[in-house]
Structures are given as structure tokens and as C-alpha cells.
Amino acid sequence: MKPPNVKPSARRPILEAHRAFKMACSTQAFVRGNSAKFYEWLSEQRSAGIPHGPAVWICGDCHAGNLGPVADAKGRVEIQIRDLDQAVIGNPAYDLIRLALSLATAARSSDLSGVISAKMLEQMLIGYTNALGDTRSKAEQRPEVVRVVMKQAIKRSWKQMAKANIRDTTPTIPLGKNFWVLAKNERTAVKTLFGQKDTQKLVTMLRSRPDDAPVEVLDAAYWMKGCSSLGHMRIAVLLRVGKKAKNDLCLIDMKEAINPIAPADAKSSIPKNNAERVVQGALHLSPFLGERMLARKLLGHDMFFRELMPQDLKLNIERLASEEAMQAARVLAGVVGKAHARQMDAGTRKRWVKELKSKMTKTLDAPSWLWSNVVSLIAYHEKAYLEHCRKYALK
């Protein structure tokens, strides 16, 4: 489909065409890959009825696909937020609305009724406020889609991860559809970066590796991955850690951090370096992921990177049954609630719960502000999606 060796000068038009194709595949894909449309709508609404929560780190792009199993440095696994590119200090209500939009879109794609969508939002608020009320609360009963991916994550091996990501378990990255050749200066910069002691510490801290284990760059390639991030620098780096007689392979995902679209709290202090912003957001929202991340400059680009762990998986919520949809809404909102709650003291959490519940109806716990905004967003994105498809078809 694509030439095996895409030159650096030819990357952008291919990446832009691929992003347009992915977003034309379905409404869900369009919603996931277009956080810009979400905040464009938000600015036009002038925050209509949206409660103003305490200024905390938020995901900024909190759709269901950005949640999933994440492993910490010791291999423990939890469902946490797994993509923090848009992380800022801002209004936590934005994460709730973004998650509600993605779940409601999944419900529509699953031919579920509007009644189920309303009940999903009700379950979202229950899961979220429960997490705020007690950060040590027991885990909610997980829907089948979450149980399956957790089981896969816990059993997954490095070879399985390598097969899924690089289609090969030998110590090279095969160039082709997803991996492209690096420019000479890019390859040199990567080798220089991983020759630095502080960078090597990130690699040796995982999987009980010796602190003084040698780190060698075996291969590196430009990585065509994701959707909203397509067009920005992303590099896969394959490392050998340890002596050749007893070595360990390691796959690093290096990603360029760009200016966030999510609106930030004007009074809060956020790192100006975008990679440092992403790492700080991860440490606050998803500590399992944040402790495995590092921010560095590469050829003038703000880059953050992490070692990919076999347990790191994406939740694919494409088709849902009624009961499963409501369970998923409650559980995933609880994950987001815990991420927000760990940044608040007890008094702040209590006030935020009170604010969220202040506009609920007497017969349904789905607050009117959340329902009305999600309905408006679905219509807004559906129109934008159809227009995107029309333009794509004309090309």
C-alpha cells in the first residue's frame, strides 16, 4: 500500500491522507480523532450550563479509547487514562463531557435507544461521584469488554506486544507500511539521546534491570501511528538492555508534544515545554504511566517517551449491549473520577460532588447540563463527519 522506505520529505502528505481516511471510516473514529471539533463547539457554546469544577489536571481528550490497562514499573496493571497529549490544568467537567460524547456515539453505533444513552449518562455520574466520594472505594463490576482486555493485558508477553506493534520479534524494526526510514540526523540524535545516563535510567528502572546495565540502540524508525497525532514526529526505538549473554529487548515510543487545544486554567502554572506538560499530566492523572515517562528535546522538538509494556492495551468499544453499555459508562467514569479525585482534598471533592448533583432531575440522575451538551455535540459532530466524508469522496 505504501512504499517500504518513505523519505522524510514525503511524510506529511501521506500522513495527512491517512488521517483523513481513518476519520472517514466511522463517526466514532471521527469523534476520537478530532478533539479540535470538540473544543471548537465548546467555545461556541460559551460553556452553556457547564459546571465550573476545581482546577486540576485533566486529560483534555478523554474519549473511551484513551482509557485502558496500564502497567507500572513493577508490572502491576490498572485501568487508567493512557493518552495525555492534551493534558492541562482545567475544568474536570470537560473530561466528563468528552467521555459522555464518545460513549453516546458508541451507543448510537450499537443501535441502542436514546433511553439507554440517557441511562448511560446517569451511570457515568454515579461512577464518577462514587470515585470522588471515596478514592479507596472498591472497584466496580467490570463489563465484559473491560474484563476481556484486562485478561489479555495480564497474560500478554513481550513477544506478543512486538508482534502486534512491529510484526517481528527479531532485533530490527522492519520498514514498511507503519515504519519508515529515519533521516541521518534523526538517527544520530536518537543514538545520542539514549547514550545519556539520565535517559538510560528510565530504561533500567523497569523489569528489575540493573541500574548499570548497558543500553544499546539496535534500530529506530519513524512510526505512523495514531490518528489525531498523525503529522507530528513519532519514533519507535528498539533497545538492547544488558550484556549480550543476558540481554533484554525494549521498545520505546517517542512522540512529539504540541500545543494543547484543551482550554487551561489561566491562574494555574503549567510547564511551557509541551513534553514536560504531558509528563506532569501523566504523573497526576495516571501515575502508573507517568512514572515510566520522560521529556526531552530532539532536534528542536518537544518529545516525551516511554517504554511500551506488554500490558498497555487500548479499550476498543465498538459494539455494546444495553447492560454492558451502562456498566462501561459507570466503570470508565469511575476511572476518570479517581484520576481527578487524587488531586483534591476531601472538602474540594465534597463541594465538586454537590455542584455536579445540583442540576439533576428528580426522576433521572443524568444532569440536564450533561445531557443537553452531549445531544448538541452529537449533532455537531455528525454534521462535521458527513461534511468530512463528502470532501474525502471528492478527492
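It should be emphasised that the depicted structure is a prediction, and the values quoted were computed from it without experimental measurement. (Residues numbered from 1 in each chain as written. Predicted model: local features only at pLDDT ≥ 70, side-chain atom pairs only at ≥ 80, totals over all residues. Heavy atoms only, no water.)

**As for the packing of helix α4 (residues 93-109) against helix α12 (residues 322-341)**
Two numbers describe how α4 lies on α12: the axes approach to 11 Å, and their chain directions differ by 160 degrees. Overall, the two elements α4 and α12 adopt an arrangement that is roughly antiparallel. Considering how the two elements wind past one another, α4 and α12 form a crossing that is right-handed. For the pair α4 and α12, contact is made by Asp95, Leu99 and Leu103 and by Ala329, Leu332, Ala333, Val336 and His340, respectively. Broken down by class, the residue content of the contact of α4 with α12 amounts to six nonpolar, one polar and one charged. (Axes fitted to C-alpha atoms, helices over the stretch in contact; angles between N-to-C directions. Helix = DSSP H or I, 4+ residues; strand = E, 2+ residues; numbered from the N terminus. Parallel < 35°, antiparallel > 145°, perpendicular 65-115°, else oblique. Left-handed = near helix turned anticlockwise from the far one by under 90°. Contact = heavy atoms within 4.5 Å. Nonpolar A, V, L, I, M, F, W, Y, C, P; charged D, E, K, R; others polar.)

**A word on α12**
Counted at 1.5 Å a residue, the expected span for α12 with its 20 residues is 28 Å, and the 28 Å between its end C-alpha atoms agrees. Summarising burial for α12: 15 of the 20 residues are buried, a large majority. (Expected span 1.5 Å × (residues − 1). Buried < 20%, exposed > 50% of the residue type's maximum accessible area, 1.4 Å probe, protein only.)

**Describing the pairing of strand β8 (residues 248-256)**
With eight of its nine residues buried, β8 lies for the most part within the structure. Where strand β7 (residues 234-241) meets β8, eight bridges bridge the pair, whose relative direction is antiparallel. Bridge pairing in β8 links valine 237 to isoleucine 252. Bridge count for β8 against strand β10 (residues 301-307) is five bridges, and the pairing is antiparallel. Its bridge partner being in β10, lysine 255 is matched across the sheet by phenylalanine 304. (Pairing = 2+ DSSP bridges.)

**With respect to the side chain of arginine 349**
By secondary structure assignment, the location of arginine 349 is in helix α13 (residues 346-357). No salt bridge is formed by the buried arginine 349. Its closest oppositely charged neighbour is aspartate 345, at 6.5 Å. (Lys, Arg positive; Asp, Glu negative; His and termini not counted. Salt bridge = Lys/Arg side-chain N within 4 Å of Asp/Glu carboxyl O.)

**Details of the environment of arginine 240**
By the secondary structure assignment, arginine 240 is in strand β7. Classification of arginine 240 as buried rests on a relative accessible area of 17%. For the pair arginine 240 and proline 171, spaced 69 residues apart in sequence, the C-alpha separation works out to 8.3 Å.

**What to know about the pairing of β10**
Burial of β10 is extensive: six of the seven residues sit out of reach of the surface. Bridge analysis of strand β9 (residues 293-298) against β10 gives six bridges, and the strand direction is antiparallel. Counted as the bridge partner of arginine 296 is methionine 303 from β10. The hairpin formed by β9 and β10 contains two residues between the paired strands, and leucine 299 there has a positive phi angle of roughly 55 degrees.

**A look at the packing of α4 against helix α5 (residues 114-133)**
The contact between α4 and α5 brings their axes to 10 Å, and the two run at 145 degrees. In the crossing of α4 with α5, the sense of the turn from one axis to the other is right-handed. Contacts between α4 and α5 involve Leu96, Leu99, Ala100, Leu103 and Ala107 from the former and Ser117, Met120, Leu121, Met124 and Tyr128 from the latter. Looking at the contact of α4 with α5, its residues break down into nine nonpolar, one polar and no charged.

**A short note on the sheet that holds strand β6 (residues 215-223)**
Here we have six strands laid out as an open sheet, ordered β5-β6-β7-β8-β10-β9, and antiparallel in their pairing. Looking at strand neighbours, the two that pair on one side only are β5 (179-180) and β9, the edges of this open sheet.

Read these as spatial facts, not as claims about activity.
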